[in-house]
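Next come the chains, spelled out residue by residue.
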Amino acid sequence: ALGEQHPDTLLSISNLAGCLGNQGKYAEAEILCRQAFGAMRAVLGEQHPLALRSISNLATCLLGQRKLAQAEALYREALAGQRAVLGNAHAKTLKCMTELAYCLCERWKVREAQSLYHEALHGLRTIYGPHDAQTLTCIKQMASCVLLKSRMDDSVEPVRSRSRSKRFKAARLPLTFQMQATVDQMARDLRNVQV
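For the structure given in this document, a descriptive report is provided here.

## Describing helix H4 (residues 68–86)
Side chains of residues three or four places apart in an α-helix project in the same direction, reflecting 3.6 residues per turn.
Part 1: With 19 residues, H4 extends 25 Å between its outermost C-alpha atoms, agreeing within 8% with the 27 Å of an ideal straight helix rising 1.5 Å per residue.
Part 2: The set of residues buried in H4 consists of Leu 68, Ala 71, Glu 72, Leu 74, Tyr 75, Ala 78, Leu 79, Gly 81 and Gln 82.
Part 3: Those residues of H4 that are buried lie in contact with helix H3 (49–64), helix H5 (91–106) and helix H6 (110–128).
Part 4: Residue Gly 87 follows H4 closely and has a positive phi angle near 100 degrees.

Shown next as structure tokens:
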């Protein structure tokens, strides 16, 4: 028996919380995440990678319950710790970066979210390549964020339809034209972060 405070036991508690969260049982997962989070900090120290990951796990539980402000604060804490301990280009730091970006997008803090997605995308492409599932997921999330931004803007730049030379205001176009404009903008944004 390893004991209640052994790192492997704490990791198992954290993994169980993750399973519950994946089933949508966020309230139950939150209890286990808080238990693992507190114990990991006490046993391993605040800057240990497992303790930092437990902060992100708790933030994810809170995000699932739409406790967005609390989730954002924890993701920020985890990301700051991971940047300091693991560096900006570490896979776990990049994962936390995309999690914070997603949370920010959910809170309508789209510009900051886009900036984090760009940074994470550059790192993910460097580590995993352009066709890896994590890289593609980041691109998909960034595209959703860009789409949200385009819907938030009071005035969207006029866009040119490929089949017509006449310029339209996005607010007067069907959603498909708005989406095409968003995809075009995303493509321009992605060209700026190519490795």
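## Side note on H5
Part 1: Compared with the 22 Å implied by 1.5 Å per residue over 16 residues, the 23 Å span of H5 between its first and last C-alpha is a close match.
Part 2: The complete set of buried residues in H5 reads Thr 93, Leu 94, Cys 96, Met 97, Thr 98, Glu 99, Leu 100, Ala 101, Cys 103, Leu 104 and Cys 105.
Part 3: Once H5 finishes, Trp 108 follows within two positions and takes phi at roughly 65 degrees, a positive value.

## Observations regarding the packing of H4 against H5
Packed helix pairs are specified by the crossing angle of their axes together with the interaxial distance, meaning the distance between the axes.
Part 1: With their axes 9 Å apart at the nearest point, H4 and H5 run at an angle of 155 degrees to one another. Considered as vectors, H4 and H5 are oriented roughly antiparallel to each other. The two elements H4 and H5 meet at a crossing, and its hand is left-handed. Each of Leu 68, Ala 71, Glu 72, Tyr 75, Arg 76, Ala 78, Leu 79, Gln 82, Arg 83 and Leu 86 in H4 lies in contact with H5, whose residues at this interface are Lys 92, Thr 93, Cys 96, Met 97, Glu 99, Leu 100, Cys 103, Leu 104 and Glu 106.
Part 2: Looking at the contact of H4 with H5 residue by residue, the class counts come to 11 nonpolar, 2 polar and 6 charged.

## Observations regarding the packing of H3 against H4
Part 1: At their nearest, the axes of H3 and H4 sit 8 Å apart, and the two run at 160 degrees to each other. Looking at the two axes, H3 sits roughly antiparallel to H4. Read as a crossing pair, H3 and H4 show a hand that is left-handed. On H4, the residues that touch Pro 49, Leu 52, Arg 53, Ile 55, Ser 56, Leu 58, Ala 59, Thr 60, Leu 62 and Leu 63 of H3 are Leu 68, Gln 70, Ala 71, Leu 74, Tyr 75, Glu 77, Ala 78, Gly 81, Gln 82, Val 85 and Leu 86.
Part 2: Looking at side-chain class alone, the contact of H3 with H4 contains 14 nonpolar, 5 polar and 2 charged residues.

## Some thoughts on the environment of Gln 5
Part 1: Mapped onto the secondary structure, Gln 5 falls in the segment before helix H1 (7–22).
Part 2: Sequence-wise, Gln 5 and Met 40 are 35 residues apart; in three dimensions their C-alpha atoms are separated by 8.0 Å.

What counts and how
- Residues numbered from 1 in each chain as written.
- Predicted model: local features only at pLDDT ≥ 70, side-chain atom pairs only at ≥ 80, totals over all residues.
- Heavy atoms only, no water.
- Helix = DSSP H or I, 4+ residues; strand = E, 2+ residues; numbered from the N terminus.
- Expected span 1.5 Å × (residues − 1).
- Buried < 20%, exposed > 50% of the residue type's maximum accessible area, 1.4 Å probe, protein only.
- Contact = heavy atoms within 4.5 Å.
- Axes fitted to C-alpha atoms, helices over the stretch in contact; angles between N-to-C directions.
- Parallel < 35°, antiparallel > 145°, perpendicular 65-115°, else oblique.
- Left-handed = near helix turned anticlockwise from the far one by under 90°.
- Nonpolar A, V, L, I, M, F, W, Y, C, P; charged D, E, K, R; others polar.

On their own, these measurements won't tell you what the molecule is for.
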